[in-house]
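What follows is each chain in one-letter form.
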Amino acid sequence: MNFGRGPSVVLNVGGTRYSFSREVLKDFPLRRVSRLHGCLSEQDVLEVCDDYDRERNEYFFDRHSEAFGFIMLYVRHGHLRFVPHMCELSFYNEMIYWGLEGSHLDYCCQRRLDDRMSETCTYYAAEEPNSGPEGKGRRPPGAEGRKWLERMRRTFEEPTSSVAAQVLATVSILFVIVSMVVLCASTLPEWRAPENRSVEEQSRYTAESVREPSGIIEAICIGWFTAECIVRFIVSKNKCEFVRRPLNIIDLLAITPYYISVLMTVFTGENSQLQRAGVTLRVLRMMRIFWVIKLARHFIGLQTLGLTLKRCYREMVMLLVFICVAMAIFSALSQLLENGLDLGTKNKDYASIPAACWWVIISMTTVGYGDMCPITVPGRILGGICVVSGIVLLALPITFIYHSFVQCYHELKFRSARYSRSLSAEFLN
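Calculation criteria
Residues numbered from 1 in each chain as written. Predicted model: local features only at pLDDT ≥ 70, side-chain atom pairs only at ≥ 80, totals over all residues. Heavy atoms only, no water. UniProt positions renumbered as here; feature names shortened; annotations may be inferred. Helix = DSSP H or I, 4+ residues; strand = E, 2+ residues; numbered from the N terminus. Salt bridge = Lys/Arg side-chain N within 4 Å of Asp/Glu carboxyl O. Buried < 20%, exposed > 50% of the residue type's maximum accessible area, 1.4 Å probe, protein only. Phe/Tyr/Trp six-rings, centres within 6.5 Å; stacked < 30°, edge-to-face > 60°. Axes fitted to C-alpha atoms, helices over the stretch in contact; angles between N-to-C directions. Parallel < 35°, antiparallel > 145°, perpendicular 65-115°, else oblique. Contact = heavy atoms within 4.5 Å. Nonpolar A, V, L, I, M, F, W, Y, C, P; charged D, E, K, R; others polar. Pairing = 2+ DSSP bridges.

(A) Seen up close, the UniProt feature "transmembrane region" (unreviewed entry) in the protein chain. Mapped onto this numbering, the UniProt entry annotates "transmembrane region" (unreviewed entry) at residues 163–188, 215–235, 247–269, 289–309, 316–337, 349–369 and 381–405. The distance separating the terminal C-alpha atoms of residues 163–188 is 39 Å; by composition the span is 88% helix and 0% strand. As annotated, residues 381–405 has a helix share of 92% and a strand share of 0%, and its two end C-alpha atoms lie 37 Å apart.

(B) Structural detail: the pattern of salt bridges. As enumerated under the stated definition, the model contains eight salt bridges in all. Among the salt bridges present, the one from E42 reaches R54, with a minimum N-O distance of 3.3 Å. Placement of the pair is E42 in helix α3 (residues 42–48) and R54 in the loop between β3 (51–53) and β4 (58–61), with a sequence separation of 12 residues. R56 serves as the salt-bridge partner of D53, at 3.0 Å between the closest nitrogen and oxygen. On the accessibility criterion, R56 (48% relative accessible area) is partly exposed.

(C) Here's a closer look at the packing of aromatic side chains. Scanning all chains against the criterion turns up 12 aromatic pairs. The interplanar angle of 70° and the centroid separation of 5.1 Å between the aromatic rings of Y18 and F68 together place this pair among those described as edge-to-face. With a gap of 50 residues between them, Y18 in strand β2 (residues 16–21) and F68 in helix α4 (residues 65–77) connect regions that are remote in the sequence. Looking at Y18, the relative accessible area reads 15%, which means it is buried. Look at F61 and W98: their rings are 5.0 Å apart centre to centre, the planes differ by 55°, and that puts the pair in the tilted class. Here F61, found in strand β4, pairs with W98, found in helix α5 (residues 88–98); they are 37 residues apart in sequence, far enough to count as distant. Here F61 matches W98 in class, with each residue buried.

(D) Here's a closer look at the packing of helix α15 (residues 300–311) against helix α16 (residues 313–340). As a packed pair, α15 and α16 sit with axes 5 Å apart at the nearest point and diverge in direction by 75°. Regarding the angle of α15 to α16, the classification is roughly perpendicular. Between α15, through L309, K310 and R311, and α16, the contact on the second element is made entirely by Y313, E315 and M316. Class assignment for the residues of the contact of α15 with α16 results in three nonpolar, no polar and three charged.

(E) Representation of the pairing of strand β1 (residues 8–13). Among the six residues that make up β1, five are buried, leaving the element largely enclosed by the rest of the structure. In textbook terms, the turn of a hairpin is the stretch between consecutive antiparallel strands, and for β1 and β2 this stretch comprises two residues, one of which, G14, has a positive phi near 60°. For β1 and β4, the ladder comprises four bridges, and the chain directions are parallel. Among the inter-strand pairings, V10 is bridged to a residue of β4, identified as E58.

Shown next, in the form of structure tokens:
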């Protein structure tokens, strides 16, 4: 700790005192408390706590003392539960203040919090530095010089942060829609007629396709997406983190095929291998379908889906394991009953276990195309068991995924509402 004296520090939370050594604060599980370790001046300390006594090296926090006591039990024992006879939302607000999230709660308390937030439609988020009225007048050195960069980053990353961000998001959505319309129209027979030409005509057509209306529209859309991606990379805080984000990887996958197809067209020319290259070009152009995922930047529903899949990957893996085990069992039994035993009738659709796996998966998911079905009585009994088992196995992890989805939706909804409030203030000013 770079501020204050003495071997220990005292935290005064609502009148209750807690004494810690300086080294403990460095890696303290509560983010707000650990921030005290890096404070260089009294001004930095007052951004973290409400008051400070230099003589006793005591930090005052005007927060709920009983709630902090339960939070300290989590620090010591690793279990966090609600304070009895205290509102769940009030305790959650205390958690957010100290740097904890809903995922730190025990599972039973998480369900109570999800239900309460669903009923009241109340959303909370962690406090940001310099967000209060007293923090606005104290900016760290160099903050003014980086203000425009932060504003540019929010304009491109948060569609509801300002009027300019909303306009930019609307334009980006229009480009995605136009590119998807052109992609769908390019598969119509009238648009695909030039692909039936000879190799010589195809080479000339491929070289001139960029000058056609669809090629021009595609080039304009790619130019917009490329410029947007480059600007977002320039204004990002952490370049390595920017490259690792899933949405940015998808942007790269959607943009790169266009440039690869252009280079292949330029270098191939009238080569005899153009016909094989043409198949590759069509595959690359079809990868433009990834542009649809760019809409996740502007719609909370798609963001919630992605965040839920990220947090529930263990439950998803468990679901896949359930399905794979059931497929192995039912496919082997169905192949044996329908084709392996000499019962007078052999079902050719179940000639092998891999072929029976297709029937198992469409039966367990209750799709039932009807392209193959058991014809023997034992096979039909097994089919009924397979359908019922599929319903039960698929329903088991749904509860965990549902609660995670609700929590992710609350978090993203509040963040959007927070930026909308700043947008309204900007509009009124």
